Amino acid sequence: MEAEPFKEHASFILPFFERVMGTKDVVYGDELLGWLEHDLGNDELDQKKLERRLTDILHDRLSKGELSTDTIAFVKKLLSVLCQKDKELAKVATRLPGLIEKFFTQDFERLRRVLDVDKDLKISTVLERYIFDNRDTMWDSLQWMDGKKVSPVTAASKSNNYLVSHLEVASTAKLVTRKNPEFWTSSRFLDSLEECEVFLSVDEEFWVEEFFNLLLSEEKTKDRLFSHIKDYFRRESLPSLLHYFGRYLDNEMPSLLYHLFKENIESFGKRSVNISRFLASQIKWKDFTTLLYYNSFATKMSHIYSIIMQDDRSAEMRDDLEKWLQSTNIKDIRLQYPKPKLKDNSNSTNSSNDNNIKDNDLRSYWSYCEYLVTNNFKENLQSIVTFVLLQSVSLFLKLKYHLSRADHKEITRLMESEGLDFECMHDQLESYSSDEDTDSGSDSEREKKRSKKRKEKKKGKKKCKRNKVFLGWRFPNDPKQVIHNVVDLPQYFQRTYLTQTLQWFATSHPNLRS
């Protein structure tokens, strides 16, 4: 079966779509990811399943002999986020043999930076106490910031933190290492570090590298680190996880999303379709990048179009699009495909009139959808949705081109011819009559007019004309949707087209899933 009305699907729209996907330096990156994060949300989500699947992905990535660049980037990004967000992770760091001593003795300036983030002064208090307790061996070697030495008695009489705030901290750390290296592993110091929840952020790169090596080791301590990772996966929202790690899990993320949501396809036929959720939960995409592009074409075509039209690097693509759009006609645009009524119109005596042509077109569209389901693309929802999505892109592009050249009356007639349920919104603009006519005629006539006007003014009467001003369109079937500007119509009709078709698939073929 060859559906004539949809030849453009293969001849222009599909190649155009693939060219945009291939131009990653023009339309790519955080913006596409941000759109999906926002639209997916976190409701009706199995958080435990999310934690299990991400943990499995992490284990699988780490189990491979030679780690890929993506794996290293993913794991290190995960550990970096963990250092920033997990306040309990400091307890893992303080229990790793020799690591705290290595941290402070490798760079003596780190002690000063840790003291700067020690808002409760607990680490400062422990360090001061340690210096006082060992004053016989340490005091004479201390270096003071202003060069003036203070006796232990004088320092003890001052307020808390006086000693640490007046010492050269880096040289003090060096002195502690030389004279009393056991300080770094003392229980008081380690306890104070654990209570300073942000001390890992002082040199995040150091801890990320050490934790990364720990995950690759055979040390039993890594089980505690894995426990923190699992807790983080369980607590964090899906949008945040996508934001942090989506780009590193291009192959795994589509399968994760596919198995994550509790909805089945039938549930989308019972309520308004969240297009992003439909795409993510019902189809196993080959990679995450493809899903990002399909979602952006389905939900943010206005943004994609703006990028293509404004970016100098897409000039050739823009010229080809312009040529194709010039070959189309506004009269051939179908604004909606309502639920199918596939009746046999072959016996109709008015087969040549415009309405019947549109009926045949409507019949052809839904017949083709049925054909996709039952023949070529049986049990392959991705192919079906690709067809529907590309048809919606075609609709958007044609509307964007033709409606920008039409006034609101022409657009209203187009919607009426489609049988759409909508209302035109107007307001009344009052224009008042001029006073110029009071200056014409004889003196007595002018005086009579002025007198009459003064009386009307006292009674509150004013002569005015009421002119209708067009404000936009309201759609009763979508009460929250009011379109004031013609530039918003293409995205609205594309969304309506997609939701109607996806709902039809969900209700008429509930067992269909890729």
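Conventions used here
Residues numbered from 1 in each chain as written. Predicted model: local features only at pLDDT ≥ 70, side-chain atom pairs only at ≥ 80, totals over all residues. Heavy atoms only, no water. Helix = DSSP H or I, 4+ residues; strand = E, 2+ residues; numbered from the N terminus. Buried < 20%, exposed > 50% of the residue type's maximum accessible area, 1.4 Å probe, protein only. Contact = heavy atoms within 4.5 Å. Areas by Shrake-Rupley, 256 points an atom, 1.4 Å probe, with all protein chains shown as cover. Expected span 1.5 Å × (residues − 1). pLDDT = per-residue confidence, 0-100. Axes fitted to C-alpha atoms, helices over the stretch in contact; angles between N-to-C directions. Parallel < 35°, antiparallel > 145°, perpendicular 65-115°, else oblique. Nonpolar A, V, L, I, M, F, W, Y, C, P; charged D, E, K, R; others polar. Core = buried A, V, L, I, M, F, W, Y, C linked by side-chain atoms within 4.5 Å. Salt bridge = Lys/Arg side-chain N within 4 Å of Asp/Glu carboxyl O. Phe/Tyr/Trp six-rings, centres within 6.5 Å; stacked < 30°, edge-to-face > 60°. Lys NZ or Arg CZ within 6 Å of the ring centre and 35° of its normal.

Q: Explain the overall build of the protein to me, please; I cannot follow it from the model alone.
A: Along its length, the protein carries 26 helices and 3 strands. Split into buried and exposed, the 514 residues of the protein put 47% on the buried side. Contacts spanning at least 24 positions in sequence make up 76% of the contacts within the protein whose residues lie at least 6 apart. With the model as given, the accessible surface of the protein reaches about 27,300 Å², and the carbon-plus-sulfur share is 45%.

Q: Hey, could you run me through helix α4 (residues 69-85) in this one?
A: Because the α-helix completes a turn every 3.6 residues, residues three or four places apart line up on one side. When the terminal C-alpha atoms of α4 are compared, their 24 Å separation across 17 residues agrees well with the 24 Å that a helix rising 1.5 Å per residue should span. Among all positions in α4, only Thr-71, Phe-74, Val-75, Leu-78, Leu-79, Ser-80, Val-81, Leu-82 and Cys-83 are buried. Next to the buried residues of α4 lie α3 (47-63), α14 (204-216), α15 (222-235) and α16 (238-245).

Q: Explanation requested: the confidence of the model for the protein in the structure shown.
A: Low-pLDDT portions of the prediction should not be read for the details of their coordinates. Overall, the predicted model of the protein reaches an average pLDDT of 78, with 73% of residues at or above 70. Within the protein, no element has a lower average pLDDT than helix α22 (residues 354-374), which sits at 54, and none a higher one than α14, at 94. Note on residues 338-362: pLDDT under 50 across the span, and 27 contacts to partners over four residues away in sequence or across chains. Within the model, the stretch residues 430-438 combines pLDDT values under 50 with 17 contacts to residues more than four positions away or in other chains.

Q: Before we go on, may I ask you to explain the packing of helix α2 (residues 30-40) against helix α18 (residues 275-282) in this structure?
A: To characterise two packed helices, one gives the angle between the axes of the helices and the distance between these axes. Here α2 crosses α18 at 95°, and the two axes come no closer than 8 Å. The angle between α2 and α18 places the two elements in the roughly perpendicular class. Side by side, α2 and α18 meet where Leu-36, Asp-39 and Leu-40 of the first sit next to Ser-276, Arg-277 and Ala-280 of the second. Per-class residue counts for the contact of α2 with α18 are 3 nonpolar, 1 polar and 2 charged.

Q: Explain the nonpolar core here, please?
A: Most often, soluble globular proteins keep nonpolar side chains buried together rather than apart. Phe-199, Trp-207, Phe-211, Phe-245, Leu-257 and Leu-397 are the most contacted members of the largest nonpolar core, which has 145 residues in total. Considering every element that reaches this core, the biggest residue donor is helix α23 (residues 381-403), with 14 residues. Beyond its immediate stretch of four places on either side in the chain, Leu-257 contacts Leu-40, Leu-238, Ala-280, Ser-281, Phe-288 and Leu-291.

Q: Can you walk me through the environment of Phe-233 in this structure?
A: With respect to the helices and strands, Phe-233 occurs in helix α15. A relative accessible area of 0% places Phe-233 in the buried class. Through-space distance from the C-alpha of Phe-233 to that of Arg-53 is 9.5 Å; in sequence the pair is 180 residues apart. Residue contacts for Phe-233: discarding those within four places in its chain leaves Gln-47, Leu-50, Glu-51, Leu-54, Thr-55, Leu-78, Leu-241 and Phe-245.

Q: When you look at the pattern of salt bridges in this model, what are you seeing that I'm missing?
A: For side chains of opposite charge, pairing can occur when their charged atoms come near one another. Scanning the model with the defined rule gives 17 salt bridges in all. The partner of Glu-210 in a salt bridge is Lys-102, with the nearest N and O atoms 2.8 Å apart. Of the two residues, Glu-210 is situated in helix α14 and Lys-102 in helix α6 (residues 99-106); the sequence distance between them amounts to 108 residues. Residues Asp-133 and Arg-129 are paired through a salt bridge, measuring 3.3 Å at the closest nitrogen-oxygen approach. Of this pair, Asp-133 and Arg-129 are both found in helix α8 (residues 122-133), 4 residues apart, which corresponds to roughly one turn of the helix. A residue is classified by how much of its surface remains accessible, and Arg-129, at 41% relative accessible area, is partly exposed. When salt bridges that share partners are traced, they join Asp-107, Arg-110, Arg-113 and Asp-203 into one network.

Q: Explanation requested: unusual backbone geometry in the structure shown.
A: Note on backbone geometry: most residues besides glycine have negative phi, and most peptide bonds are trans. Even without glycine at this site, Leu-121 takes up a positive phi of about 60°. As for its placement among the helices and strands, Leu-121 is situated in the loop between α7 (109-116) and α8. Among the residues examined, Leu-121 registers a relative accessible area of 31% and is labelled partly exposed.

Q: Would you take a moment to explain the packing of aromatic side chains for this structure?
A: Centre-to-centre distance and the angle between the planes together describe a pair of aromatic rings. Within the structure shown, the criterion is met by 22 aromatic pairs. Between Tyr-492 and Phe-493, the aromatic rings sit 5.3 Å apart at their centres with planes inclined by 65°, giving edge-to-face as the arrangement. Across this residue pair, the class does not change: Tyr-492 and Phe-493 are buried. Grouped by ring-pair contacts, the aromatic residues Phe-103, Phe-104, Tyr-130, Phe-183, Trp-184, Phe-189, Phe-199, Phe-206, Trp-207 and Phe-211 constitute a single cluster. The aromatic ring of Phe-212 is capped on one face by Lys-76, whose charged end is 5.3 Å from the ring centroid. The ring centre of Tyr-162 lies 5.8 Å from the NZ or CZ of Lys-158, which sits over that ring.

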